[in-house]
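# Structural features, examined
Letter by letter, the chains look like this.
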Amino acid sequence: MSGANGVTSQASQQSHGGTLSLTLRIWRQDGPDAPGRFHTFDAPNISEDMSFLELLDIINERLIEGGDVPIEFDHDCREGICGMCSLMINGRAHGHELATTTCQLHMRKFTDGDVITVEPFRAKAFPVVRDLVVDRSSFDRIIEAGGYISVNTGAVGDANQTPVPKQAADTSMDAAACIGCGACVAACPNSAAQLFTSAKLAHLNLIPQGQPQRWERTEAMVETMEQFFGSCTNHGECTEACPKEISLDFIAFMNRDYVKAKIKNRKLTGQS
Amino acid sequence: MAPTATQAAGSAPVFKTKRPLPFPLNIYQSAIGRKWVMAWTGIGLLGFVIVHMIGNLHLYEGPSRMYEYAETLRDLGGGLLPRTLLLWIMRVGLLAMFVVHLHSAYTLKERSRLASERAGFVGGAKKYASKRDYIAANYASRTMRWTGPIVGLYVLFHLADLTWGWWLGDAYVRGDPYHNVVESLSSIPVAIIYVVANVALAVHIFHGTWSMFQSLGVNNPRYNGLRRNLATALAGVVLVGNLSFPVLVQAGLVDEDNRDCPVNDTTGLECLGKAAEAH
Ligand code: HEM
Ligand code: SF4
Ligand code: FES
């Protein structure tokens, strides 16, 4: 874009100038075993251009100025790619905007006078650390169980040495879009982690590089998942909550691969 | 924050891994494998429900055709197998599928309840303090854990009513299903039970049919839309077929006013047998 025109149009896009007055009911909890409760905060003069996390920043600044303890919440990149932000906002994981993380949810999506209820993601395997922060390290246990490929790191191989079919690469990339935020578990009425695990499996199981460990990986990751999470009943809430719109089809793919893995792994270990 | 204590809590398994049973039992030990078995048993039960419904349409052909149909079921396998053997094999198979379907439903629900602990698990779903705003979960998917048990109880009621004749008393004539059905369904409370239970069954089938493709992993993105249509069609067919019996009996369109054979288990059955042979 060039010249003054570009600058003004950009400026007018960014600043709508509108403000909102909101009431927030925010879950506060002093520690993992402490009882939690909602605290109500008035938030006047909130710019429409703020993100939801910036709204929390404003509330926290006021709390700090008043000598109170700020609200703990998870965040990192604030650009929708790291998977750290979370929050149940008015009964929806990452709020009501589809395909959007909380950090990318803008206040212009709310209406003046709204009462907004904010809770942590909930599941037994996501214990509350403090306030809105939950421990999602159970996801790390699933990744550790098989979310990798093993390759020889000798001399550098030729580029494109391993042909990858275009469709497989595309679908694998769709699965790899998962940022591991846990919204799927939070939204699931069963606290199941099928969407996350199936995305992590499909990402590797679809492409040639993932084949040698495919069956071993599938069994290990599914069974690790089952140490922590509930049982899927195919509601489909996860996909709707997912900021990366991971498809339910990956869950079906995982189910198919898991039963196959049970049979194959047995054959591979010589028990025909 | 005090990360050390809380990190340990997060990574502590919620469920213990059980000692693996030999193949293929280990499939049923995992939740995904159990759901897979649940889908297969669901398909078996679904097959039964549809065949049972279609078979019962013989009711509209009158007492002797209905009698003939019931006899045919007992004679399945022709002269090759002892009478009622094949029927009994099917009954045992059906019972086994029912038990396994129920066991998997209950244990998987328990797993989800435990995995949602602290969040509260009310009416078969995890609860938040604020009202959940469901987008994809529909009425059918959220009530599987109610429609399932309703159907289960109804099956027991139905057997006691028309197979064992518990409360029809002297009005129950073993071997004359037309009479028994009309007798039973002409009572308003019984007709209501049949209607409610079959609505529950149809709702159960609506989600079940869509869901089983997912559980078995036999879906294809290209045909996902068709799965919804298939679910609607199957639920609709079962609903219309099964509701027609109580509704038409109550409406007086199916009755015994112009029946040729007497109603008793001696001369009545003989007469029905002769009429059936004459077909
Ligand atoms: C004749 C009767 C029945 C038929 C035709 C039937 C059919 C089905 C089918 C096809 C499924 C889908 C399976 C899957 O997604 O893997 C299903 C799921 C289920 N069934 Fe049944 N079922 C029957 C009776 C029952 C009974 C008696 C119960 C309970 C006590 C029950 C409880 C459930 C539950 C809890 C589910 C899982 C729901 C879900 O995945 O959302 N069903 N059923
Ligand atoms: S599947 Fe979607 S909702 Fe679940 S962890 Fe990955 S990005 Fe988050
Ligand atoms: S903070 Fe990184 S995705 Fe929201």
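Please refer to the structure placed before this passage.
This section reports on the structure supplied with the text.

## Quick look at the coordination of the iron atom of ligand 1
Residues and elements named next belong to chain B. The iron atom of ligand 1 binds to the protein through His101 (NE2) and His204 (NE2), with metal-donor distances spanning 2.1 Å. For the iron atom of ligand 1, the six donor atoms in the first shell make angles of 85 to 179° at the metal, so the coordination geometry reads as octahedral. Of this pair, histidine 101 sits in helix α5 (residues 85–115) while histidine 204 is found in helix α9 (residues 188–216), placing the two residues 103 residues apart along the sequence.

## Notes on the site of ligand 1
As a matter of local geometry, ligand 1 sits amid 24 residues, with Lys35, His101, His204, Ser211 and Ser215 of chain B nearest to it. Near ligand 1, residues from chains A and B are present, making the site a shared one. In the environment of ligand 1, an oxygen atom lies 3.4 Å from a nitrogen or oxygen atom belonging to the backbone of alanine 39 of chain B. Within the backbone of methionine 212 of chain B, a nitrogen or oxygen atom sits 3.5 Å from an oxygen atom of ligand 1.

## Observations concerning the state of the cysteines
All names here are of chain B. On inspection of all chains with the given rule, the structure shows one disulfide over all chains. The disulfide bridge from cysteine 261 ends at cysteine 271, spanning 1.9 Å between sulfur atoms. Handedness of the cysteine 261-cysteine 271 disulfide follows from its S-S torsion of about -70°: it is left-handed. Of this pair, cysteine 261 sits in the loop between α10 (224–250) and α11 (267–278) while cysteine 271 is found in helix α11, placing the two residues 10 residues apart along the sequence. With relative accessibility at 9%, the residue cysteine 261 sits in the buried group.

## A few points about a positive patch on the surface
Together, Arg256, Lys260, Lys264 and Lys267 of chain A line one region of the surface with positive charge. For lysine 260 of chain A, the location among the structural elements is in helix α9 (residues 249–268).

## Side note on a nonpolar patch on the surface
Together, Leu80, Leu81, Leu85 and Ile89 of chain B line one region of the surface with nonpolar side chains, adding up to about 390 Å² of accessible area. Mapped onto the fold, isoleucine 89 of chain B is located in helix α5.

## With respect to the pattern of salt bridges
Under the counting rule described, the total for this entry stands at 21 salt bridges over all chains. The residue glutamate 97 of chain A makes a salt bridge to lysine 109 of chain A at a minimum N-O spacing of 3.8 Å. Placement of the pair is glutamate 97 of chain A in the loop between β4 (92–93) and β5 (115–119) and lysine 109 of chain A in the loop between β4 and β5, with a sequence separation of 12 residues. Since its relative accessible area comes to 26%, glutamate 97 of chain A is described here as partly exposed. One salt-bridge network, in which partners are shared between bridges, spans Glu71, Arg74, Asp75 and Arg83 of chain B.

## Some thoughts on the site of ligand 2
All names here are of chain A. Near ligand 2 lie 13 residues; those nearest to it are Cys178, Cys181, Gly182, Cys184 and Cys242. At a threshold of 2 Å from the grid points, most atoms of ligand 2 map onto the second largest cavity. Sorting the residues of the shell around ligand 2 by element identifies α5 (183–187) and α6 (194–205) as the ones contributing at least two each. Looking at the shell around ligand 2, its residues break down into 11 nonpolar, two polar and no charged.

## Side note on the packing of aromatic side chains
Evaluation of the coordinates by the stated rule reveals 14 aromatic pairs over all chains. On the basis of an interplanar angle of 85° and a centroid distance of 6.3 Å, the ring pair of tryptophan 36 of chain B and tryptophan 40 of chain B is categorised as edge-to-face. Of the two residues, tryptophan 36 of chain B and tryptophan 40 of chain B both sit in helix α3 (residues 31–56), four residues apart, roughly one turn of that helix. According to the relative accessible area criterion, tryptophan 36 of chain B is partly exposed, its value standing at 23%. Against the face of tryptophan 27 of chain A rests arginine 122 of chain A, its NZ or CZ located 4.6 Å from the ring centre. Its end group placed over the ring of tyrosine 28 of chain B, arginine 34 of chain B keeps NZ or CZ at 4.3 Å from the ring centre.

Conventions adopted
Residues numbered from 1 in each chain as written. Chains lettered and ligands numbered in written order. Predicted model: local features only at pLDDT ≥ 70, side-chain atom pairs only at ≥ 80, totals over all residues. Heavy atoms only, no water. Donors = N, O, S within 2.8 Å, 3.2 Å for Na, K, Ca; no water. Tetrahedral: all angles 85-135°; square planar, octahedral: opposite > 155°, others 65-115°. Helix = DSSP H or I, 4+ residues; strand = E, 2+ residues; numbered from the N terminus. Near = heavy atom within 4 Å. Polar contact = N/O pair within 3.5 Å; in protein donor to acceptor, adjacent residues only side chain to side chain. Disulfide = S-S within 2.5 Å. Buried < 20%, exposed > 50% of the residue type's maximum accessible area, 1.4 Å probe, protein only. Patch = residues over 30% accessible without salt bridge, like charges linked within 9 Å, V, L, I, M, F, W, Y side chains within 5 Å. Areas by Shrake-Rupley, 256 points an atom, 1.4 Å probe, with all protein chains shown as cover. Salt bridge = Lys/Arg side-chain N within 4 Å of Asp/Glu carboxyl O. Lys, Arg positive; Asp, Glu negative; His and termini not counted. Charge placed at Lys NZ, Arg CZ, Asp CG, Glu CD. 1 Å grid on protein atoms, 1.4 Å probe; cavity = no way out; pocket = protein on both sides within 12 Å on 5 of 7 lines; lining within 4 Å. Sits in = over half its atoms within 2 Å of the grid points. Nonpolar A, V, L, I, M, F, W, Y, C, P; charged D, E, K, R; others polar. Phe/Tyr/Trp six-rings, centres within 6.5 Å; stacked < 30°, edge-to-face > 60°. Lys NZ or Arg CZ within 6 Å of the ring centre and 35° of its normal.

Purely geometric stuff here, so don't read any function into it on its own.
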